[in-house]
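Residues per chain, in single letters:
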Amino acid sequence: MFKKFTNGCVRVVNRWLPDPFLFAIILSIVVYVAAMLGTQQGPVAMIKAWGNTSGFWNLLAFSMQMALVLVLGSAMASAKVFKRFLGAIASTAKNKKSAILITTFVSVICCWLNWGFGLIAGALLAKEVARRVRDVDYRLLIASAYSGFVIWHAGLSGSIPLTISGGYTIGEATYQAGTNLTIFHPMNLLMCAVILIVMPFVNYAMHPDTEHTITVDPALLVDEAEKEYSVSTPAEKMEHSKILWIITIVAGFAYIVFYFIDVVQKSGPAGIPNSLNLNIVNFIFLFVGVLLHGDLRKYVDAIGEAASGAAGILLQFPFYAGIMGMMVAANANGVSLASIISDFFVSISNNVTFPLFTFLSAGIVNFFVPSGGGQWAVQGPIVMPAASKMGIEAGRACMAIAWGDQWTNMIQPFWALPALGVAGLSAKDIMGYLVIVLIFTGLVACG
């Protein structure tokens, strides 16, 4: 029964799931038509709202921030010293059970720290584990490595809580909630802890019997030869200069130290969680990456390899910004599509059911907007005004979106692509297992 269920899900996804960019196009068309019908504005007005600087180009800075989250995290995970660290962790796996438990546990922690880093680190760890435990099902092992991604938006690199920590303006209203009210809120930490402790055992419970186990192809475990560098010309000597490397990391870590000293002086140690925003998180991971690679030229090459993974963000975010522009475009009476939908949410919800409905709706929207930042651009203008009208805290409302977004990433293959590329598998190989992860984490969040 389980196999039939999971295989059916895989068949449906393979048949009906187009490229994620097409979701942005389809959603743009839907919002364009809905905004015209809802606000009685003409097609020209909507086209202008879509393509102007308050629409299509409104998220350029945010797009760069999100691209750097992925690129810098991935580059840090590819450092040789970090790979050795993963090998040491993998050596503790002695059998199938410990292989799945360790891979899931580490993946959850890494994705909580930084989602781009966690995606790559989890896949690299899974390959190291597969080298040592040859009878583990490789598909489930990679699915376990990716399953940690279900926690990313509740962690240190969650784009929604980090964005709102510095204040987020929609129209004339500004919504703000420090990370003590989002990432470090006791309820968010409790939900993360439940997933961290229980999900490894859920994943192991799915391990197939020996007859149906598919082990790793040995060819997938062969690493590419490490690039050799010629250091003969003056230019090459500068690229590999330890002096320049030391100056770079000293400057970077000096700023990080002074940044948090200023925070402590202004707000005390309790202000440190509130100071974590996208800029400082990216800054930290950039210079940690430079430190771990030990060479500026090697780090430049690592960034070049990781940058291709950000192509989807760079292409799709302008369309999400255009969607946001159409949703907040108001007619002469001040009515926008976002305000219409907000009023609808208010009319059918109370302060208990509203966050639950928001979570479920965010999970659905994530199929159409497979990006946390893009989803926030679409749903933020809807949810935040509605939550404000109902007296619901901004932190609670934004985390309902965040949990919904990360929830259905388990069966949305867009963000699995980097991990699948490392593992040498396709989405259909892991999707059946991730349906069970989806059900488990959905019950935790709803509960």
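Residues numbered from 1 in each chain as written. Predicted model: local features only at pLDDT ≥ 70, side-chain atom pairs only at ≥ 80, totals over all residues. Heavy atoms only, no water.

How would you summarise the layout of surface pockets if you had to cite specific residues and measurements?
Estimates place the volume of the second largest pocket at around 630 Å³. What lines the second largest pocket is a set of 21 residues, and nearest its centre among them are Met187, Met191, Pro355, Arg396 and Ala445. Taken together, the elements giving at least two residues each to the lining of the second largest pocket come down to α10 (186-205), α17 (353-368), α19 (394-407) and α21 (427-446). No other element matches the five residues that α19 contributes to the lining of the second largest pocket. Taken together, the residues of the lining of the second largest pocket break down into 13 nonpolar, six polar and two charged. (1 Å grid on protein atoms, 1.4 Å probe; cavity = no way out; pocket = protein on both sides within 12 Å on 5 of 7 lines; lining within 4 Å. Points joined across faces, edges and corners; volume = space filled by probe spheres on them. Helix = DSSP H or I, 4+ residues; strand = E, 2+ residues; numbered from the N terminus. Nonpolar A, V, L, I, M, F, W, Y, C, P; charged D, E, K, R; others polar.)

Go over helix α6 (residues 96-113), please, and point to the residues and values.
Across its 18 residues, α6 extends 26 Å between first and last C-alpha, which sits within 8% of the 26 Å expected from 1.5 Å per residue. α6 sits mainly inside the fold: 13 of its 18 residues count as buried. Taking the backbone nitrogen of Lys97 as reference, a side-chain oxygen 3.2 Å away marks Asn95 as the first, capping residue of α6. (Expected span 1.5 Å × (residues − 1). Buried < 20%, exposed > 50% of the residue type's maximum accessible area, 1.4 Å probe, protein only. Polar contact = N/O pair within 3.5 Å; in protein donor to acceptor, adjacent residues only side chain to side chain.)

Explain the pattern of salt bridges residue by residue, including any values.
If the charged atoms of two oppositely charged side chains come close together, the side chains can form a pair. All chains considered together, the criterion is met by six salt bridges. A salt bridge links Glu128 to Arg131, with the shortest nitrogen-to-oxygen separation between them at 2.9 Å. Residue Glu128 and its partner Arg131 are located together in helix α7 (residues 115-132), separated by three residues, close to a single helical turn. When its relative accessible area of 17% is taken as the criterion, Glu128 is described as buried. Here Arg297 ties to Glu239 by a salt bridge, and the two come within 3.5 Å at their closest N and O atoms. (Salt bridge = Lys/Arg side-chain N within 4 Å of Asp/Glu carboxyl O.)

Mind laying out the packing of helix α12 (residues 242-267) against helix α13 (residues 278-293), listing which residues take part and the relevant values?
Where α12 meets α13, the axes come as close as 10 Å, and the angle between the chain directions of the two elements is 150 degrees. The orientation of α12 with respect to α13, classified from their angle, is roughly antiparallel. Both α12 and α13 take part in a crossing whose hand is left-handed. Together, Trp245, Thr248, Ile249, Gly252, Phe253, Tyr255, Ile256, Tyr259 and Phe260 of α12 and Ile280, Phe283, Ile284, Phe287, Val288, Val290 and Leu291 of α13 make up the contact between the two elements. Looking at the contact of α12 with α13 residue by residue, the class counts come to 14 nonpolar, two polar and no charged. (Axes fitted to C-alpha atoms, helices over the stretch in contact; angles between N-to-C directions. Parallel < 35°, antiparallel > 145°, perpendicular 65-115°, else oblique. Left-handed = near helix turned anticlockwise from the far one by under 90°. Contact = heavy atoms within 4.5 Å.)

Such coordinate-based values are descriptive only and should not be taken to indicate function.
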